[in-house]
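# Descriptive structure summary
Okay, here's what each chain looks like letter by letter:
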Amino acid sequence: MTKILVVDDETDLELLIKQKFRRQIREKEFEFVFAVNGADALEKLGRHQDMLVVLTDINMPEMDGLSLLARLKDLNPVIKAVIVSAYGDMDNIRSAMNKGAFDFICKPVNFEDLEITMRKTIRQVEQIKETLKAIQENNILKMYVDESVLRYMNRQEFEASLMTNETIEATVVFIDICGFTRITETAPAGVVVNMVNQYFDVIVKGIIAQNGYVDKFLGDAVMAVFRGEYHLDRALDACLSVRTQVEKLPEIAELSFRPMVSIGICSGEVISGNIGSASLRRLDYTVIGDVANTAKRLQSAAKPGQVVIPAAVYEQIRESFKCAPLGSVSLKNKAQPVTIYEVVE
């Protein structure tokens, strides 16, 4: 049911509207609220927050219709007003339109034309509300889904290719907040959430600064992906920056906690796409493959403050970054020991 505010100091208009629209009122399609001037209208709008369509006369005591128009956009920018007045000269019409009127109807009122105009106004208001809702939902979605994923989802072929995937060259990074699990056992839940969000904020800013995207948050760890030109170099620059920025964060003496991260990086061919159940509409846009698995294993092998890469990655960046050998380690699900390096700077 649409609420419509009628503002007019002529009381016979109220009776006419109730008569002409009795069927719509009876069927609860329209609900009319009446006010005798602009001041009364503002008071009614304050009590009826869901009223977004206004029909108003111009010439009224205390506050005229043009003054009311000027106040409406400050009260609620979604509200649309239609002027219903005997003053149908061009000056009044232009003045009303300039103050934000959606339409103008001249008295004596043609009620068939009035109904058409009301429905047109209601449609306009609903379109604005839907647009605002979509913007709000999109902004909320951006808090949970990386923007590069949203851009992919907006492609026309997205719906038709939910379960397809592609093979790409990318760098996968795992960044873990060291020692955080120990804190969760003793610190209050609210303190833990605030801390991890603070650290994640620093980590994510470092990733985005190098045009990477956050694939997912895994407890107190972050998985990030870099693709495109110089993806490996950008990933390393991001990780070195993240390590530095996290270590600058203040130590929490009461919890004996000094913020540090351990980072694993691997680069190469990965499978990118939606993983999950299409029938249940539960999908995760991610990358999978040996590169992603190795990056996770390297992060587990890294000590606090270390950025660890395998030998294959070291050979690609040895002239651009300073690295130190760490020897060979056995990684889960790897048949042979893996030679690893620490990226120093």
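Structural data are supplied above this passage.
Bear in mind the structure is a predicted one, so any value in this text is a computation, not a measurement. (Residues numbered from 1 in each chain as written. Predicted model: local features only at pLDDT ≥ 70, side-chain atom pairs only at ≥ 80, totals over all residues. Heavy atoms only, no water.)

### Concerning unusual backbone geometry
Put simply, lysine 107 and proline 108 share a cis peptide bond, and its omega is 0 degrees. Mapped onto the secondary structure, proline 108 falls in the loop between β5 (103–106) and α6 (111–144). (Helix = DSSP H or I, 4+ residues; strand = E, 2+ residues; numbered from the N terminus.)

### A closer look at the nonpolar core
Leu5, Phe32 and Leu114 are the most contacted members of the largest nonpolar core, which has 44 residues in total. Residue contacts for phenylalanine 32: discarding those within four places in its chain leaves Ile4, Val6, Ile17, Phe21, Ile25 and Met118. Grouped together as the second largest cluster of nonpolar side chains are 41 residues, Phe200, Cys239, Val246 and Ile263 included. (Core = buried A, V, L, I, M, F, W, Y, C linked by side-chain atoms within 4.5 Å. Buried < 20%, exposed > 50% of the residue type's maximum accessible area, 1.4 Å probe, protein only. Contact = heavy atoms within 4.5 Å.)

### Here's the deal with the packing of aromatic side chains
One pass over the structure, following the stated rule, counts eight aromatic pairs. With a centroid separation of 6.3 Å and 25 degrees between ring planes, the pair formed by phenylalanine 32 and phenylalanine 34 is classed as stacked. The buried category is assigned to phenylalanine 32, whose relative accessible area is 12%. The class of phenylalanine 34 is buried, set by a relative accessible area of 16%. Pairing tyrosine 314 with tyrosine 341 gives two aromatic rings, centres 3.9 Å apart and planes at 5 degrees, and the pair type is stacked. Of this pair, tyrosine 314 sits in helix α12 (residues 311–317) while tyrosine 341 is found in strand β13 (residues 338–343), placing the two residues 27 residues apart along the sequence. On the accessibility criterion, tyrosine 341 (15% relative accessible area) is buried. Linked through ring pairs, Phe21, Phe30, Phe32, Phe34 and Phe111 together constitute an aromatic cluster. (Phe/Tyr/Trp six-rings, centres within 6.5 Å; stacked < 30°, edge-to-face > 60°.)

### Here's the deal with helix α5 (residues 90–98)
Of the residues making up α5, those classed as buried are Asn92, Ile93 and Ala96. Along the axis of α5, the buried residues cluster in a sector spanning 100 degrees; they form a single face. The outward face of α5, more than 90 degrees from its buried face, is lined by the exposed residues Met90, Asp91 and Asn98. Elements that come into contact with the buried residues of α5 comprise α4 (65–75), β4 (80–85) and β5. (Arc of directions from axis to C-beta.)

### Points about the packing of helix α9 (residues 189–209) against helix α10 (residues 231–247)
It is at 8 Å that the axes of α9 and α10 come closest, and there the two elements cross at 155 degrees. Judged by the inter-axis angle, α9 sits roughly antiparallel to α10. Our pair here, α9 against α10, has a crossing hand that is right-handed. For the pair α9 and α10, the contacting residues are Val202, Ile203, Gly206 and Ile207 in the first and Ala238, Val242, Gln245 and Val246 in the second. Class assignment for the residues of the contact of α9 with α10 results in six nonpolar, two polar and no charged. (Axes fitted to C-alpha atoms, helices over the stretch in contact; angles between N-to-C directions. Parallel < 35°, antiparallel > 145°, perpendicular 65-115°, else oblique. Left-handed = near helix turned anticlockwise from the far one by under 90°. Nonpolar A, V, L, I, M, F, W, Y, C, P; charged D, E, K, R; others polar.)

### Observations regarding the pairing of strand β8 (residues 221–227)
Where burial is concerned, most of β8 is hidden: six out of the seven residues are buried. Where strand β6 (residues 165–177) lies against β8, seven bridges are found, and the strand directions are antiparallel. Within β8, the position partnered with alanine 170 by the bridge is arginine 227. Where strand β7 (residues 213–218) and β8 come together, five bridges link them in antiparallel fashion. Looking at β8, one finds that leucine 218 is bridged to alanine 221. Counting the residues between successive antiparallel strands, the hairpin from β7 to β8 contains two residues, one of them, glycine 219, with a positive phi of roughly 65 degrees. (Pairing = 2+ DSSP bridges.)

### Notes on the side chain of serine 262
Secondary-structure assignment places serine 262 in strand β9 (residues 261–277). Here glutamine 299 takes part through its side chain, which lies 3.1 Å from a polar atom of the side chain of serine 262. With residues up to four places along the chain from it excluded, the contact list for serine 262 reads Phe174, Ile175, Asp176, Cys178, Gln299, Ala302, Lys303 and Gln306. (Polar contact = N/O pair within 3.5 Å; in protein donor to acceptor, adjacent residues only side chain to side chain.)

### So, empty space enclosed by the protein
Following the criterion strictly, the structure yields one cavity of 30 Å³ or more and no others. Looking at the largest cavity, the residues that line it are Val6, Val7, Asp8, Leu13, Ile17, Leu55, Thr56, Asp57, Val84, Val109 and Leu114. When contributions to the lining of the largest cavity are tallied by element, the ones reaching two or more residues are β1 (2–7), α1 (11–20) and β3 (53–56). In the lining of the largest cavity, the residues fall into eight nonpolar, one polar and two charged. (1 Å grid on protein atoms, 1.4 Å probe; cavity = no way out; pocket = protein on both sides within 12 Å on 5 of 7 lines; lining within 4 Å. Points joined across faces, edges and corners; volume = space filled by probe spheres on them.)

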